[in-house]
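Coordinate inspection notes
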Amino acid sequence: MSHLIKTVEDGVMKIVLNRPDAMNALSRDMMQALSDALEEAAGSRAIGCVVVRGAGEKAFCAGGDVKSMAAGRDHDKTYEDKVHDIRERMKVSELLHEMGKPTIAMVNGVAAGAGLSLALAADMRFVGKSARMTTAFAKVGFSGDFGSHYFLHKLVGTAKARELYFTAEILNAEQIEKLGLANRVIDDANLDAETMAFAKKLAAGPRVAWWHVKKNMKVAEEGTLSEALDSEAARMIRTGETEDHKEAARAFVEKRAPVFKGK
């Protein structure tokens, strides 16, 4: 059985973490396939949006494969080799957060540990009412990885992020929404359909503009106000030169919906 399923429809790449019997825990095969799929999406003009979800209804992703960890894999590797390997695997968080396309985590069920990190790395989180989120790392004596320290403190503030790390509290959908970790909370039965409809709408949008929006957001997150204004100025001029902008301007005058072509 493939640990990851990838499909493309109407410009949306849908990635399904496919180990439902293990709550979609991250196997090595799954991580490699996820990295390959995200690299493909980032570089393909045919893809306008990416959605990640877990197989089944119980879990988005329960994090790392603790059983594999307990088996003591990689015991023959040096500390430096292990650091290099995990850093390479964590590039999936960078891809989700920084690729020039909108990314959505469809959180169906539990998102824990590195699974939570992946959900936080996406641009948006559409969350089912049965969803649960937890840092979880403290429960297995880990400090945490895949970018959750970076993403969590930006979303909820540093004091709350520290609390969630220290306590590994399990958050329900109401708490998730209150903390601003969810863009939308949706009935479980409608989660897939509503998320995919939203993703397809984004994929049909001005894709060049989305690329520049993502670049602006990165500068805003990490740089100064002056750097953010410089980035915005340059990218406004660039997107104003696109065929999509010109089409949108014509559509506005003609009182019709624009038809974007990603150019």
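Given the structure is predicted, the values throughout are model-derived calculations rather than measurements.

1. Regarding the packing of helix H4 (residues 91–98) against helix H10 (residues 207–222)
At a minimum axis distance of 10 Å, the contact between H4 and H10 shows a crossing angle of 115°. It follows that H4 is roughly perpendicular to H10 by the angle criterion. Each of Leu 96, His 97 and Glu 98 in H4 lies in contact with H10, whose residues at this interface are Lys 214, Lys 218, Glu 221 and Glu 222. For the contact of H4 with H10, the residue count by class is one nonpolar, one polar and five charged.

2. A look at the packing of helix H5 (residues 114–121) against helix H6 (residues 148–156)
H6 packs onto H5 with a crossing angle of 55° between their chain directions and a minimal axis gap of 9 Å. Classified by the angle between their axes, H5 and H6 sit oblique to one another. For the pair H5 and H6, the sense of crossing is left-handed. Only Ser 148, Phe 151, Leu 152 and Leu 155 of H6 make contact with H5, whose side of the interface consists of Ser 117, Leu 120 and Ala 121. Its residues assigned to classes, the contact of H5 with H6 shows five nonpolar, two polar and no charged.

3. Topic: the sheet that holds strand E3 (residues 49–54)
The strand order across the open sheet formed by six strands is E1-E2-E3-E5-E7-E9, and the pairing between neighbours is mixed. With one partner strand each, in any of the chains shown, strand E1 (4–9) and strand E9 (184–186) form the two edges of the open sheet. Pairs of neighbouring strands in the sheet enclose a mean axial angle of 20°, with direction left out of account. As defined by bridge partners, strand E2 (residues 12–17) adjoins E3 across six bridges and the pair is classed as parallel. The residue bridging Met 13 from the neighbouring strand is Val 50, located in E3. Packed on one face of the sheet, helix H1 (residues 28–43) meets E1, E2 and E3 and runs near 175° to E2. Most of the contacts of helix H9 (residues 191–203) go to strand E5 (residues 103–107), to which it runs at about 175°, and overall it touches E1, E2, E3, E5, strand E7 (124–128) and E9.

4. Examining unusual backbone geometry
With a phi close to 60°, Phe 146 is a non-glycine residue in the positive phi region. Within the element layout of this structure, Phe 146 appears in the loop between strand E8 (132–134) and H6. Judged by its relative accessible area of 5%, Phe 146 is buried. At Ala 168, a position not held by glycine, the phi torsion is positive, near 55°. Among the structural elements, Ala 168 can be located in the loop between helix H7 (158–167) and helix H8 (173–178).

5. Regarding the side chain of Asp 244
Structurally, Asp 244 can be placed in helix H12 (residues 243–253). For the buried Asp 244, no salt bridge exists, and the shortest N-O distance to an oppositely charged side chain is 7.5 Å, to Arg 207. A distance of 3.1 Å separates a polar atom in the side chain of Asp 244 from the backbone nitrogen of Gly 262. Contact partners of Asp 244, with chain neighbours within four places excluded, come to Pro 206, Arg 207, Phe 260, Lys 261, Gly 262 and Lys 263.

6. As for the pairing of E7
Counting buried positions along E7 gives five out of five residues, so the element sits mostly inside the fold. Every second residue of E7 is oriented toward a common face, with Met 124, Phe 126 and Gly 128 on one face and Arg 125 and Val 127 on the other, all of them buried. Here three bridges tie E7 to E9, and the two strands are oriented parallel to one another. When the bridges of E9 are listed, Phe 126 appears paired with Arg 184.

7. As for the state of the cysteines
Per the counting criterion, the structure on display carries zero disulfides. Considering cysteine sulfurs only, Cys 61 is the nearest to Cys 49, which forms no disulfide, with 19 Å between them.

8. Considerations on H7
Residues of H7 that are buried include every one of Ala 161, Leu 164 and Tyr 165, and no others. Summarising the axial view, the buried residues of H7 lie within an arc of 100°, below the 170-degree limit, and thus occupy one face. Pointing more than 90 degrees away from the buried face of H7 are the exposed residues Ala 159, Arg 162 and Phe 166. Against the buried residues of H7 lie H6.

9. Things to note about the nonpolar core
Judged by nonpolar contacts, the single largest core of 46 residues is most densely connected at Ile 15, Leu 38, Val 50, Phe 60 and Val 107. With sequence-adjacent residues up to four places away left out, Val 50 is seen in contact with Met 13, Ile 15, Leu 38, Ala 41, Met 99, Pro 102, Thr 103 and Ile 104. Of all hydrophobic cores here, the second largest spans 14 residues; its members include Cys 49, Met 106, Ile 186 and Leu 191.

10. Quick look at the pairing of E3
A large share of E3 lies buried, amounting to six of its six residues. Alternating residues of E3 divide into Cys 49, Val 51 and Arg 53 and Val 50, Val 52 and Gly 54, and every residue in both groups is buried. Crossover E2 to E3 through H1 is right-handed. Inspection of the sheet shows E3 paired to E5 by four bridges, in the parallel sense. When the bridges of E5 are listed, Val 51 appears paired with Ile 104.

Reading guide: rules and limits
- Residues numbered from 1 in each chain as written.
- Predicted model: local features only at pLDDT ≥ 70, side-chain atom pairs only at ≥ 80, totals over all residues.
- Heavy atoms only, no water.
- Axes fitted to C-alpha atoms, helices over the stretch in contact; angles between N-to-C directions.
- Helix = DSSP H or I, 4+ residues; strand = E, 2+ residues; numbered from the N terminus.
- Parallel < 35°, antiparallel > 145°, perpendicular 65-115°, else oblique.
- Contact = heavy atoms within 4.5 Å.
- Nonpolar A, V, L, I, M, F, W, Y, C, P; charged D, E, K, R; others polar.
- Left-handed = near helix turned anticlockwise from the far one by under 90°.
- Pairing = 2+ DSSP bridges.
- Buried < 20%, exposed > 50% of the residue type's maximum accessible area, 1.4 Å probe, protein only.
- Lys, Arg positive; Asp, Glu negative; His and termini not counted.
- Salt bridge = Lys/Arg side-chain N within 4 Å of Asp/Glu carboxyl O.
- Polar contact = N/O pair within 3.5 Å; in protein donor to acceptor, adjacent residues only side chain to side chain.
- Disulfide = S-S within 2.5 Å.
- Arc of directions from axis to C-beta.
- Core = buried A, V, L, I, M, F, W, Y, C linked by side-chain atoms within 4.5 Å.
- Right-handed = clockwise from strand over helix to strand, strands pointing away.

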